[in-house]
Amino acid sequence: MRFRSVTIHPEVKNTKIARRLGQSDISSQGPRLSDYRQGKRHLFVAPKRGELFHICASLDPRYICCSTHVISQISNCPFECTYCFLQNYLTDTTLTVVADTKAIIREIREKTSVQPWRLFRIGTWELGDSLAVPPLNHVAVELVEEFKDLRNCILKLRTKGGFVEPLLDIDHGGRTVVSWTLNPPQVIAKEEIGTASLDNRLRAMELVSKSGYPVGLHFDPMILFPGWQRAYEELVRSVFSAIDPENCIWISIGSLRFNPEMKKKIENNYPSSRITAQEMVLGNDNKFRYLRPVREEMYSFLLKCLKDAGAEKCFTYLCMERWNVWENVFGWCPSSIGHLDYLMADSVQRRFPKTAPTEPQKEMYMALTYE
Amino acid sequence: MERPSPPFEKTSVIAPKRLDQTLDFSRVLEELSVWDTSLLFQSLEENSILTPILVAKINHIEGALMVIDGFKRLKWALKKGLTEVPVLKAGDMTRRQVLLLLLSRYSGHLKTCATKALFLNHLSEAGFPKNLLMDLAMRGLGLQPFGGLLEKYLRVSTLPKEVLRFCHEKDLSLKRCLNLTHQPKLLLEKIIRLKNKISISASLLLELTDNISDILKRDKITADEFFEKEEIKHIFSREMDMNQRTRLFRQMVKEMRYPVLTRLQGELHDIQKDYFKNSPLLVKWDETLENKKVTISASVSDLSELSDIVDAISSAKTKEGIKKILSYF
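Residues numbered from 1 in each chain as written. Chains lettered and ligands numbered in written order. Predicted model: local features only at pLDDT ≥ 70, side-chain atom pairs only at ≥ 80, totals over all residues. Heavy atoms only, no water.

1. Looking at the domain arrangement of chain B
Residue and element names in this part refer to chain B. Taken domain by domain, chain B holds domain 1 (1–106), domain 2 (110–182), domain 3 (183–257) and domain 4 (275–326). When each unit is reduced to the centre of its C-alpha atoms, the spacing between domain 2 and domain 3 is 27 Å. Each partner contributes to the interface: domain 2 provides 15 residues, whereas domain 3 provides 14 residues. Its largest share of buried area at the contact with domain 3, domain 2 owes to Glu-162, Phe-166 and Leu-180, together 42% of the area lost on that side. One can count two salt bridges joining domain 2 with domain 3. The salt bridge involving Lys-195 is made with Glu-169; its shortest N-O contact spans 4.0 Å. Looking at the side of domain 2 that touches domain 3, the element that brings in the most residues is helix H8 (residues 161–169), giving five residues. Along the lines of polarity and charge, the residues of the side of domain 2 that touches domain 3 split into six nonpolar, four polar and five charged. (Domains from an automatic or database assignment. Contact = heavy atoms within 4.5 Å. Buried area = accessible area lost by both parts, 1.4 Å probe. Salt bridge = Lys/Arg side-chain N within 4 Å of Asp/Glu carboxyl O. Helix = DSSP H or I, 4+ residues; strand = E, 2+ residues; numbered from the N terminus. Nonpolar A, V, L, I, M, F, W, Y, C, P; charged D, E, K, R; others polar.)

Below, the structure written as structure tokens:
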């Protein structure tokens, strides 16, 4: 994709990414756009300001959360998913990337060293896609190279794109998980505008898997439409034709959710999308979701497909779901968010010892508190 | 400092057809029934035009003289076929001066969000620049002079006339009016037109448009097709009290919007009837079916009732009923 403007902050003009971008405006301020779509076409390469490392903002004690951590390195995304919360979230919509990788790593080192026993899963996708913009994937490369030396951290790159070439020939030390958000082709075509096709995502998945990266899968948001069962069944089959379940580190499942203001935004921005018209109820976290029995049916169905595809050993969890939903889908539920954090660390350590060399201590995780 | 004033010329007469009525906002107010002009027209019939119509040229714009005040008199003259009307020429005026005159003329009638929105839109369409609208008109209407707020009012002004009339009659806030702008216009009009058959409050209008527009989208049907459904037609063709029809229509729309939830709630209510009909216990659950929790309550007015409650709580039937309800979660 081509940006209409590229602005580089003078403090980061000598970074690799700034040099790669070539001729750009040098200014301490980006265009500061407010229109969600317009901002996607303007790039601002920024220095690090304040703290970027924190726990995922979705954490809500009334739901079971995987307690992943994020670094807010990217803000906005060139893709246009109809359900994307960014359309109701960003005030400055300019696609912004923090280029100061060394400073980011310093902050991560400082904060994760306080709990050396804990396995931190750290994503860059909170406010954007980790690998959506080809020239910027080199920022991801820098992070991958830095993370290989962080003993208790895993970098999570998450994307709906298909461009992974810069990642393939670098030493990642097994400490980076490349993940894809997955949906059937009909959902990609209608609701994930501008993203890579399923075939392209699978091709990229195959490439990173062959390069030794553990692969993460996110069937989230699952979307209800006539014929969804068959579509998701085929999707799972295609994924495990592209990669071996042994290389899949974890799988998350979730369903479409948005707050009431977002509903209006989606209806205005994407009048032909029907995703907001399904039967949904408002949860305690002020988000609309499909009815719980419907969600449980969707999750259970997908779980069966995963089992049929030989992925039963992959650690599978629900994203932002209730305790009773876990029980109805899996027949059990973690006793706390810390417990889930432990179970994930334990699974990673057993299945991917290179990624998590230290055996997790259950009691330390169970004692964690979340605000 | 002496204020500059428009150089008034003498009163003269002019052919009504030569006057430009672009700035006539009174017709908008009339359409909203904000302004009752029947007495004014009665007076004109008996006295004819006693006060000259105020006209001006704005900022040397070429063309006809613009009417600033006296639109009703002009309307009456045109209707009567008069060839001349008395006018008072205010000479060249700045837009600011004209806007101040219009504000002083109409602000007393502009109390609701709908009328303010229409007035701002009227000025915008008449070519008043945005900065003047914000600095003068918005302040004059008691609004904060923010561009974003102006955009919101202009958005409200795009609502269909009948909907704006409803917004004005119910004195809906900007937020509620804005919510309506997100709804399909055709559907809004159709629901508003039902106001003689069902009693529509602002919240009911929003609820109905929200639910029906979701049904239309989900089922890929038009608003006409929705209102042609037998079950809907049946509600409107039967003789019944307005409140009863409102209740029925609202319920029907909800059931169509939430078919699975309606079915499951129906099953739960059947369990409630089977197990707790004559029980002193009141059993409630989360109607959204999200939270796995059943609340059991009981009221006591006499101590002797306690033993019945204790018996009911410990009965096998209660346990079985609660078990059945919880199985839905």
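2. What to know about the interface of chain B and chain A
Accessible area lost upon the coming together of the parts is a frequently used measure of interface size. Every contact between the two is made by 21 residues of chain B and, on the other side, 24 residues of chain A. Roughly 2000 Å² is buried in total at the junction of chain B and chain A, and carbon and sulfur atoms are behind 43% of that figure. Its largest share of buried area at the contact with chain A, chain B owes to His-182, Lys-217 and Glu-290 of chain B, together 35% of the area lost on that side. Where chain B meets chain A, there are four salt bridges. For the interface between chain B and chain A, the tally reads 17 residue pairs in polar contact (both at pLDDT 80 or more). When contributions to the side of chain B that touches chain A are tallied by element, the ones reaching two or more residues are helix H11 (202–219) and helix H15 (259–276) of chain B. (Polar contact = N/O pair within 3.5 Å; in protein donor to acceptor, adjacent residues only side chain to side chain.)

3. Considering the state of the cysteines
Overall, the coordinates contain zero disulfides over all chains when judged by the stated rule. A disulfide-free cysteine, Cys-314 of chain A has its sulfur positioned 3.8 Å from the sulfur of Cys-248 of chain A, the nearest such atom. Looking at Cys-314 of chain A, the relative accessible area reads 3%, which means it is buried. You can see Cys-113 of chain B has no disulfide; the closest cysteine sulfur is in Cys-177 of chain B, sitting 3.7 Å from it. (Disulfide = S-S within 2.5 Å. Buried < 20%, exposed > 50% of the residue type's maximum accessible area, 1.4 Å probe, protein only.)

4. Considering the environment of Ser-24 of chain A
Residue position: Ser-24 of chain A is located in the loop between helix H1 (16–21) and strand S2 (25–26). Polar side-chain contacts of Ser-24 of chain A include one of 2.9 Å to the backbone oxygen of Gly-22 of chain A.

5. Regarding the sheet that holds strand S17 (residues 288–290) of chain A
Residue and element names in this part refer to chain A. Pairing is antiparallel across the open sheet formed by three strands, whose spatial order is S15-S17-S16. This sheet does not close on itself; its edge strands, each paired only once, are strand S15 (257–258) and strand S16 (280–282). Pairing of S15 with S17, which is carried by two bridges, proceeds in the antiparallel orientation. By the bridge assignment for S17, Phe-258 is matched with Phe-288. (Pairing = 2+ DSSP bridges.)

6. Some thoughts on the environment of Ser-113 of chain A
Residue and element names in this part refer to chain A. Its location among the elements puts Ser-113 in the loop between helix H3 (101–112) and strand S9 (120–123). Take Ser-113: its relative accessible area is 48%, and that puts it in the partly exposed class. Expressed as a C-alpha distance, the spacing of Ser-113 and Cys-153, which sit 40 residues apart in the sequence, is 9.9 Å. A distance of 2.9 Å separates a polar side-chain atom of Ser-113 from the backbone oxygen of Glu-110.

7. Quick look at the packing of aromatic side chains
Applying the stated rule across the entire model yields 17 aromatic pairs over all chains. Seen from their ring centres, Trp-326 of chain A and Trp-332 of chain A are 5.6 Å apart, and the 75° between their planes marks the pair as edge-to-face. You can call Trp-326 of chain A buried: its relative accessible area is 0%. In this structure Trp-332 of chain A comes out as partly exposed when scored by relative accessible area, which is 34%. With a centroid separation of 6.2 Å and an interplanar angle of 45°, the aromatic rings of Phe-330 of chain A and Trp-332 of chain A are classed as tilted. An aromatic cluster is built from Phe-226, Phe-227, Phe-236 and Phe-249 of chain B, whose rings are joined through pairwise contacts. Here the guanidinium or amino end of Arg-95 of chain B rests over the ring plane of Phe-128 of chain B, the centre of that ring lying 5.9 Å away. Positioned above the aromatic ring of Tyr-258 of chain B, the side-chain terminus of Arg-257 of chain B is 5.1 Å from the ring centre. (Phe/Tyr/Trp six-rings, centres within 6.5 Å; stacked < 30°, edge-to-face > 60°. Lys NZ or Arg CZ within 6 Å of the ring centre and 35° of its normal.)

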